[in-house]
Amino acid sequence: MRRKISSYGRNKTFFVLMLVVWMLVLSACGNGGKDNGGNAPEPTIPASTELKQEETTTSDGDTRLIKDTYGEVQVPENPQKIVVLDIGALDNLLELGIKPVGAPSILAAGDPYPAYLKGTEGIENIGSVNEPNLEVIDALQPDLIIGNKDTHDAIYDQLSQIAPTVFVETLGVTWKENLQLHAEAVNKQAEADKLLETYQQRIEVLKTALEGQEIKEVSLFRPRADKIQVYLKETFAGTIMEEAGIVRPVAQQDAGFSKDVTEEQIADVDGDVILWFNREPDAFTKLEKSALWATLKGVQNQAVHPVDWEYWLSGLGIQAVNKVVDDLNTFVGGVK
């Protein structure tokens, strides 16, 4: 039979508990202002809080150890608030099904993101690729930051104090390795493998189409206000063209990123097919008016095609790669 507690018993118990609490409070007030010469003691973290923090850091499945260009870094198992510092990372993450909370513009803070990228609505602009705003990044409270050593080495330590930071070494020619590291950072390795497999299949289709044609030399250059910049093999687009078996003009087969030529050296931009892009709207018009321009065989063959600099030059991710392949299919391979 359950025993009932009388009203008096309950009141007595409550009174005793309140008395004990009051005595503890008085004791704490008497000692709280003295510690080694009268200084207030340093605040301490309750043991239960310390235990909780330790469990959060070390619990299975909560974080993963990966390796980036600086070494090992502990990243969240499934990061939710990611800031990216370049367009290649933005491109890759969107294709992997992840929308970052913050990303930069290519040239100037607040510029729209590249038009070829879909799903960028709602992403906070954090400045430009070359000048990301650390205060804006910090305010977003990211749980992961992704950038590259080439551009952001000087602010790596500051970024690392905000959130776990993963850096690739460089951009462009290492786009495959970058995609794989980006995918590992966000726990999407299987998805990245499928994207690379699909890319390789597309390259094989393009190579097969080119094998059935007469060899075409394909030129790639960028007219600028004061020069002509010829793009060589060790560039983002150059690596894709080489994998597809596309032949470049002799003057563009050198190792390296690019070389500058003058209008008098315009023969270096010639090819059976000429592809060009630029950011300066008047630069190509000026070149086109040159008397030497009409002497190029690509011009005479009416095989001169503008391509989009946002993905040929500055995209640097898997979506940009596929857009470049689309253009090569159209302008070189005849593959729809």
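This text goes with the structure placed above it.
Residues numbered from 1 in each chain as written. Predicted model: local features only at pLDDT ≥ 70, side-chain atom pairs only at ≥ 80, totals over all residues. Heavy atoms only, no water.

Novice: So what's going on with the pattern of salt bridges? Which residues, and what values?
Specialist: Taken as a whole and judged by the stated rule, the model has 10 salt bridges. Residue Glu-77 pairs with Arg-64 through a salt bridge whose shortest N-O separation is 3.6 Å. A residue pair is termed long-range when its members are at least 10 positions apart, and Glu-77 in the loop between strand E2 (71-76) and strand E3 (82-84) and Arg-64 in strand E1 (residues 63-68) qualify at 13 residues. The salt bridge partner of Lys-176 is Glu-243, with a shortest N-O separation of 2.7 Å. A residue pair is termed long-range when its members are at least 10 positions apart, and Lys-176 in helix H7 (residues 175-185) and Glu-243 in helix H9 (residues 236-243) qualify at 67 residues. Among the residues examined, Glu-243 registers a relative accessible area of 30% and is labelled partly exposed. One continuous salt-bridge network, built from bridges that share partners, spans Glu-217, Asp-272 and Lys-297. (Salt bridge = Lys/Arg side-chain N within 4 Å of Asp/Glu carboxyl O. Helix = DSSP H or I, 4+ residues; strand = E, 2+ residues; numbered from the N terminus. Buried < 20%, exposed > 50% of the residue type's maximum accessible area, 1.4 Å probe, protein only.)

Novice: Pulling in residues and values, what's your account of the packing of helix H3 (residues 87-95) against helix H13 (residues 318-333)?
Specialist: Between H3 and H13, the shortest axis-to-axis distance is 7 Å and the interhelical angle comes to 90 degrees. If you check the angle between H3 and H13, you find them roughly perpendicular. Between H3, through Asp-91, Asn-92, Leu-94 and Glu-95, and H13, the contact on the second element is made entirely by Ile-318, Gln-319 and Ala-320. Split into classes, the residues belonging to the contact of H3 with H13 amount to three nonpolar, two polar and two charged. (Axes fitted to C-alpha atoms, helices over the stretch in contact; angles between N-to-C directions. Parallel < 35°, antiparallel > 145°, perpendicular 65-115°, else oblique. Contact = heavy atoms within 4.5 Å. Nonpolar A, V, L, I, M, F, W, Y, C, P; charged D, E, K, R; others polar.)

Spatial relationships are all this shows, so hold off on functional conclusions.
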